2 protein chains.
Amino acid sequence: MAENEHTPPLGMTAEQFRRAGHDLIDWIAGYLEHVEEYGVLSPVEPGQVRRAVERPLPAEGEAWPALWSDFQQHIIPGITHWQSPNFFAYFPANASYPAILGELLSAGLGVNGMLWSCSPAVTELETFVLDWLVELLALPAHFRGAGVIQDTASSASLCALLCGREQALDWRGNTLGLADQAAPLTAYTSDQAHSSIEKAAMIAGIGRENVRLVPSNAVGAMKPDELQRLISQDRSAGRQPCFISATMGTTSSLAMDPLRTIGRIAAEENIWFHVDGAMAGTALACPEFRDIGDGLELADSFCVNPHKWMLTNFDLDAFYVRQPQRLTRTLSILPEYLRAAQSDEVVNYRDWHIPLGRRFRALKLWFVIRTFGVEGIRRHIREHVRLAGEFARWVCEDDRFELAAPPSLNLVCFRLKAGDGPSEALLHALNRSGRIHLTHTRLSGGYALRFCIGQPRTGEPHVRAAWTLIAEAAREVLED
Amino acid sequence: MAENEHTPPLGMTAEQFRRAGHDLIDWIAGYLEHVEEYGVLSPVEPGQVRRAVERPLPAEGEAWPALWSDFQQHIIPGITHWQSPNFFAYFPANASYPAILGELLSAGLGVNGMLWSCSPAVTELETFVLDWLVELLALPAHFRGAGVIQDTASSASLCALLCGREQALDWRGNTLGLADQAAPLTAYTSDQAHSSIEKAAMIAGIGRENVRLVPSNAVGAMKPDELQRLISQDRSAGRQPCFISATMGTTSSLAMDPLRTIGRIAAEENIWFHVDGAMAGTALACPEFRDIGDGLELADSFCVNPHKWMLTNFDLDAFYVRQPQRLTRTLSILPEYLRAAQSDEVVNYRDWHIPLGRRFRALKLWFVIRTFGVEGIRRHIREHVRLAGEFARWVCEDDRFELAAPPSLNLVCFRLKAGDGPSEALLHALNRSGRIHLTHTRLSGGYALRFCIGQPRTGEPHVRAAWTLIAEAAREVLED
């Protein structure tokens, strides 16, 4: 491609693409097989990657080998390896081979599925696969035919909150605005809930000060009596409660809000009831963990991220709304008569989320569910839960440590009994080592390390090695 | 994989992935080289794809060949081929080989770039590549270091409108909500603007009835005097104007709003000024088309979609905000002191958009700009504009046809002089043929066909053949 006059329309010839593509596929296979050989947390300093890639805007095109070499030399050092079996930070970001193939195919097709007619397969496969997910996760039957793929749980929760806002205002807020409302709207979630609920309230014009962070109990679950009290208090003060978000697995400690009790309050108070099951929702695939979903049939909306723990590349959040016309009425810019005329025939997902355009994301989830099957997905979940149980046992058996919260599914929160300082020092030592990556939280005011097991290639040897490393690093920290 | 007990952790072995991946790469190369052999518009009936893929949820996993065969047999017929050089509908959805490789690599790495530390390369490459784009498109210098990748222009416009809302309220709306505002907020865009502006106002709690659709002139550009009149009228009525969105290339006819005049009004009135250059913004790469950007330096925010016309796979919208702390102050859920402490060192893009998680999307734009270079991108744009000019000439030379709007860059709107009925019949005949795909609009109340040239492989032969087909189909329609 030295003579750029002849750069092919797609940037390279089909033959060059084949060669580069095969190399890339091979590299990805090698990367994922050997990813544990990398330091987990990128060690670069701020500005280091930028300085490495900085160069003048190229007037003429360059050939692939230069790009590929720069990627390996300058980008890879700036990558924190989420796919490493030694990544125990945040939450898992599951990739799997069939999901990568689905993403590749979607990129190759290059279609935009904003309307049914823009590519009927994009819409129909999506509805179908999300119905499969209803069955796989034993979700309430009224979520059948009522699912849509969103990018993330943040966006799904925003859509849910908007539905709650509009239902409370009888769909006058999206037409007339909120300034006309005599009563300020209020929303409810626990003090352990994900920050996206507050962010959604900021975006939706409700305001974060009108989000009531309902106190949670000792294990981090929302206290329903406090919820009831806050709702009553707001009503007495002339405010209008419109939205409750319960968390199926909090970010800090994977605590489970009591959905049934909260759902009953929501129903009695006629408030939209959303359930955020971003990571833990995947555990509903296993019958033995389905108690976490008790009461889910009371939810107006629910979201779960197969891109976290269900072997499906980021991004793919599955969002369900009971009576989805409440969602389309909230977001659609089409007049009512048009919506009615269309609704029987086809679904136009453009009216089910914030963006207009949409990728063909159902493909990767379809490939994942078919490749693993129900039992394969269950084995994946069960092994992580089993390993988290083992890890928690080792923590309890070591006098220097204590659990910071009851272990929940695949997450163990723990700390050094010596206190916040040593616990924090321990975390930094572990992350600096590059051998494992953990993150932290605060629970009941105290510093806690989070050990989250969820990468597909994480097995018992990785968890054992991690514990050995932790125990060893603790010795050094406590000696200092 | 018949014995599912042994399904590998990533769904297949590395060797199986390599084989399937190579096959897929080859298939994509073949698909894109031969995509014009497919009928452009999918001919399936509603429900047809779903019926074809419908089957019970699989208990055990299946091997790749079954999935691959189902994809080809059941999904492909439901695809409308956006990558066909005979796709002239909506807007282009450019795919190119380096962009596909970037998307593949991003899927293989499987990282989430919500915070700088989650993978510094994701953040730093993004800022760097968006700075390149500032230079490539000759954007105002104050957009340097002030860009972020969003999924779509709809999301970018929502973020811009939220900034306008909060600036007008001195950042009290996101904390206290909008119900406390004495004066209802109003927003302004033209009657030709994209529907996403109204949708954003619905989401943000401003309400679509508080969006003033400023009348446009005969060619579809906003009338600034009408804008000024509406703003004054709203102020007199005690309302608070907060947001103006001008369009650099309207959806219907690619009309250009007079940015400089609108920008001056916005500055005088102290109203946030956003410019939506979703498709046409890419033309700024060519010095000879830069008159469309005259006045852009007055904009508070700007968005352009490389995923439309800049050879970069969907999704990738580039969004710029002058003084981006106004954006983070609008969306961040962090307390101020924390934000200040972080801001000098690194950028945390989580506070620059609606979702929290984010894919590594800068990679594909980096690959595209380096593969094509400035001149390669310019040639791509120029050829489409040249072809649109040719097409417009043929329309004018045929007595049966007329232009429905002045040709603009790569878009020609035209109709049959015989009126709406025959024009509509013509569109349906063309789309039914499968040989080309066009969409329609209404301009000055009349039906118009849109002929939008923007796919990388669309060349003169395709445009000539399309015109021949159109002229022929017109004969049949007019004979009926």
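Residues numbered from 1 in each chain as written. Chains lettered and ligands numbered in written order. Predicted model: local features only at pLDDT ≥ 70, side-chain atom pairs only at ≥ 80, totals over all residues.

*Asks:* Give me the lowdown on the environment of Gly102(A), citing residues and values where you can.
*Replies:* Residue and element names in this part refer to chain A. Relative to the helices and strands, Gly102 resides in helix H4 (residues 97-109). Exposure remark for Gly102: the 28 C-beta atoms within 10 Å place this residue in the buried category. Sequence-wise, Gly102 and Val346 are 244 residues apart; in three dimensions their C-alpha atoms are separated by 24 Å. Other than its neighbours up to four places away in sequence, Gly102 contacts Leu363, Lys364 and Phe367. (Helix = DSSP H or I, 4+ residues; strand = E, 2+ residues; numbered from the N terminus. Buried ≥ 20, exposed ≤ 12 C-beta atoms within 10 Å, placed from the backbone. Contact = placed C-beta atoms within 7 Å.)

*Asks:* How would you sum up the interface of chain B and chain A? Please name residues and give values.
*Replies:* Chain B puts 120 residues into the contact, and the matching count from chain A is 120 residues. For the side of chain B that touches chain A, the leading source of residues is helix H1 (residues 14-34) of chain B, giving 14 residues. Residues of the side of chain B that touches chain A, tallied by class, amount to 64 nonpolar, 34 polar and 22 charged. (Nonpolar A, V, L, I, M, F, W, Y, C, P; charged D, E, K, R; others polar.)

*Asks:* Describe the relation of the copies chain B and chain A, naming the residues involved and giving the relevant values.
*Replies:* Placing chain B over chain A gives an RMSD of 0.0 Å and needs a rotation angle of 180 degrees, together with 0.0 Å of translation along the axis. Such a turn and shift between the copies fits a two-fold axis. When the interface residues of chain B are mapped onto chain A, 100% of them again fall at the interface, so both copies present the same face. (Least-squares fit on C-alpha atoms with pLDDT ≥ 70 in both.)

*Asks:* Account for unusual backbone geometry, with residues named and values stated.
*Replies:* In this chain, Phe314(A) is followed by Asp315(A) through a cis amide linkage whose omega measures 5 degrees. In this fold, Asp315(A) is placed in the loop between helix H11 (306-309) and strand E7 (317-321). In this structure, Asn270(B) is a non-glycine residue whose phi angle is positive, near 60 degrees. Turning to its location among the elements, Asn270(B) is positioned in the loop between helix H10 (259-269) and strand E5 (272-276).

*Asks:* Talk me through the nonpolar core; I want residue IDs and the actual numbers.
*Replies:* Side chains that are nonpolar tend, in soluble globular proteins, to be buried together. In this structure, Leu125(A), Val129(A), Leu125(B) and Val129(B) are the most contacted members of the largest nonpolar core, which totals 338 residues. If near-sequence neighbours (up to four positions away) are discounted, Leu125(B) is found in contact with Val49(A), Val53(A), Ile75(A), Ala362(B), Leu363(B) and Trp366(B). (Core = buried A, V, L, I, M, F, W, Y, C linked by C-beta atoms within 7 Å.)

Shape is all these values report; function is a separate question.
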